[in-house]
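Secondary and tertiary structure notes
Single-letter residue listing:
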Amino acid sequence: MLIGMVSAKGSPGVTTSALAVASRWPRRVLVLEADPFGGDVRAGLGGGEWPSSAGLADAVVDLRSTGMDEALRRRVHRPASHAPPVLAGLGCVGQAPSVAWTQLATALGRMTGADTVADCGRFAVLDGVTPLLRVCDVVVLVVGSGLRAVRAASRVAPLLHDELGAEPGDVRVTLLVVGPDEPYSSPEIAAGCGLSLLGELPRDRRTADVWSDGTPPARGFDRSPLQRGAGRIATKLVRAGTAGSGAA
Ligand SMILES: Nc1ncnc2c1ncn2[C@@H]1O[C@H](COP(=O)(O)OP(=O)(O)OP(=O)(O)O)[C@@H](O)[C@H]1O
Ligand SMILES: [Mg+2]
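Described below are features of the structure shown in this document. Quick caveat, the model's predicted, so the values are computed rather than measured.

Considering the pattern of salt bridges
Under the criterion given, the structure shown has 9 salt bridges. The salt bridge involving Asp62 is made with Arg75; its shortest N-O contact spans 2.6 Å. In this pair, Asp62 sits in helix α2 (residues 56–62) while Arg75 sits in helix α3 (residues 68–75), placing the two residues 13 residues apart along the sequence. Each member of the pair, Asp62 as well as Arg75, is classed as buried. For the salt bridge of Asp170 with Arg172, the shortest nitrogen-to-oxygen distance reads 3.4 Å. Exposure remark for Asp170: the relative accessible area of 22% places this residue in the partly exposed category.

Topic: the coordination of the magnesium ion (ligand 2)
Protein ligation of the magnesium ion (ligand 2) involves Thr15 (OG1) and Asp40 (OD), the donor distances falling in the range 2.0 to 2.2 Å. Linking Thr15 in helix α1 (residues 14–23) with Asp40 in the loop between β2 (29–33) and α2, this pair joins segments that are 25 residues apart in sequence. With relative accessibility at 12%, the residue Thr15 sits in the buried group.

A look at the site of ligand 1
Gly13, Thr15, Thr16, Asp40 and Ser212 are the nearest of the 16 residues found near ligand 1. Asp204 has a polar backbone atom sitting 2.9 Å from a nitrogen atom of ligand 1. Arg205 is positioned with one of its side-chain polar atoms (N or O) 2.9 Å from an oxygen atom of ligand 1. Considered on its own, ligand 1 offers 640 Å² of accessible surface; in the complex 76% of this is hidden by protein. Here ligand 1 occupies the largest pocket. Breaking the shell around ligand 1 down by element, the ones donating at least two residues are α1 and α8 (205–213). At 4 residues, the largest contribution of residues to the shell around ligand 1 is made by α8. Of the residues that constitute the shell around ligand 1, the class distribution is 6 nonpolar, 4 polar and 6 charged.

Thoughts on the packing of helix α6 (residues 147–164) against helix α7 (residues 186–193)
One can describe the packing of α6 onto α7 by two numbers: an axis separation of 8 Å at closest approach and a directional angle of 40 degrees. Considering the angle they form, α6 stands oblique to α7. Where α6 abuts α7, its residues Val150, Ala153, Ser154 and Ala157 lie against Ile189, Gly192 and Cys193. Along the lines of polarity and charge, the residues of the contact of α6 with α7 split into 5 nonpolar, 2 polar and no charged.

A word on the environment of Arg122
Tracing the backbone through its elements, the reader meets Arg122 in strand β4 (residues 115–122). The class of Arg122 is partly exposed, set by a relative accessible area of 43%. In this structure, the C-alpha to C-alpha distance between Arg122 and Leu237, residues 115 residues apart in sequence, is 20 Å. In this structure, Arg122 is in contact with Ser7, Ala8, Lys9, Pro36, Phe37 and Asp127, ignoring residues within four places of it in sequence.

Basis of the calculations
Residue positions within a chain follow its written sequence, with the count starting from 1. Chains carry letters and ligands carry numbers; both start at the beginning, A for chains and 1 for ligands, and go up in the order they are written. Restriction of local features to residues with pLDDT of at least 70 applies here, the model being predicted, together with a cutoff of 80 or more for giving and counting side-chain atom pairs; totals for whole chains, interfaces and linings are based on all residues. Water and hydrogen atoms were dropped before computing side-chain values, which therefore reflect all heavy atoms in the structure. In the sections that follow, a salt bridge refers to a side-chain nitrogen of Lys or Arg positioned within 4 Å of a carboxyl oxygen of Asp or Glu. Put simply, DSSP marks the helices as runs of H or I at least four residues long and the strands as runs of E at least two long, and each gets a number from the N terminus on. The rule is simple: take the accessible area with a 1.4 Å probe, protein chains only, and divide by the maximum for that residue type; under 20% is buried, over 50% is exposed, in between is partly exposed. Only nitrogen, oxygen and sulfur atoms within 2.8 Å of the metal, or 3.2 Å for Na, K and Ca, are treated as donors, and water is left out, so sites may look incomplete. Any residue with a non-hydrogen atom lying within 4 Å of a molecule or strand is treated as near it. Here a polar contact means two N or O atoms within 3.5 Å. Within protein one must be a hydrogen donor candidate and the other an acceptor candidate, and residues neighboring in sequence count only if both atoms are side-chain atoms. Each accessible area is a Shrake-Rupley result for a 1.4 Å probe, and residues are judged covered by the shown protein chains and nothing else. Grid points spaced at 1 Å and placed over the protein atoms alone form the basis of the search, with a cavity being a set where a 1.4 Å probe fits but cannot get out and a pocket an open set showing protein on both sides within 12 Å along at least five of seven lines. Lining residues have an atom within 4 Å of a point. Criterion for pocket placement: a molecule counts as inside a cavity or pocket if more than half of its atoms are within 2 Å of its grid points. Residue polarity is assigned by list, with Asp, Glu, Lys and Arg as charged and Ala, Val, Leu, Ile, Met, Phe, Trp, Tyr, Cys and Pro as nonpolar; anything else, Gly included, falls into the polar class. Helix axes are fitted to C-alpha atoms over the stretch in contact, other axes to C-alpha atoms as well, and angles between N-to-C directions run from 0 to 180 degrees. When describing relative orientation, an angle under 35 degrees is termed roughly parallel and one over 145 degrees roughly antiparallel, while 65 to 115 degrees is termed roughly perpendicular and anything else oblique. Throughout, a contact is declared for two residues whenever any of their heavy atoms are within 4.5 Å.

The structure is reproduced here in C-alpha cells:
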C-alpha cells in the first residue's frame, strides 16, 4: 500500500505528520521522502548524522542493477528506535524530475511485506512528483486551520483531483487537518476544499520537535497528543488504503 502526503502553501507540517503517522503504523512501513524541494530528515530527525550512502539518490542508482528489496536493504536508515525506517530524500532542489517516480512508486506499492508513506512536500503540478501521487492508494492533503492555509488548500484540492483523475467525492484524496479550530473546524475546511475528511492531528510542539528537529523524546512521548492522534490516523489510512486497492 502506498500513501502520499502533500501540503499546500501556508500549511507546514507534512514531514512531521508523515513521520508521526508512520511511527504508529500497525504494519511494517517505510517512509519515502519525496519532497521535490529536497529532503528534511537528514538534518531534522537525523540531526545531521545520517549515513551518507543511505537515501533515495543512491537507491535510484541501485535500482538500475538490482531489485527493490536489495536497494531498500542498502539505502533505508532507521535513525532511532522511536522512528520508522526512512528512505531519505534528494539533496537538491531540481533533482526530482530526474527520478522515475512511477516505476519507483509502483514497485513500492507492490511490496507485499511493507507499506510506504511518502512525504511529497508541497504540492505543485510541475514539480515532478505528481507521477508518484497518481499511483498512490490514498493521497492526503495536510492543511492548517487558519484562513491563509485553508484558502491555499481549497485552491490546490481541484488541481490535485485533476492530476489524479479523481472525481469530486473520490475518497482516494482526503484531508488531514493539523491544529484544527484555529479558527476553522475540520468539517468546515473539508467542505471548503470539497474533500472527504480523514481526521485531525493536534498541535503538540514538544512531540512535533522530535520529528521535525530530532529532539529526543521526553517522558510520556508515546502517550502524547500528537502520537495518539497519529495512531488514529494510521489506523484510518490502513483501512482506507485497503478499501481503495481492493486488497484483503
Ligand atoms: N502537529 C504539530 N504541532 C506543533 N508543531 C508542529 C506540528 N506539525 C509540525 N509542526 C512544526 O511545524 C514546523 C514545520 O514542520 P514540518 O517540517 O513538518 O513542515 P513541512 O511542511 O514538512 O515543511 P517544509 O515545507 O519545510 O518541508 C516544525 O517546527 C514542526 O515541529
Ligand atoms: Mg518537509
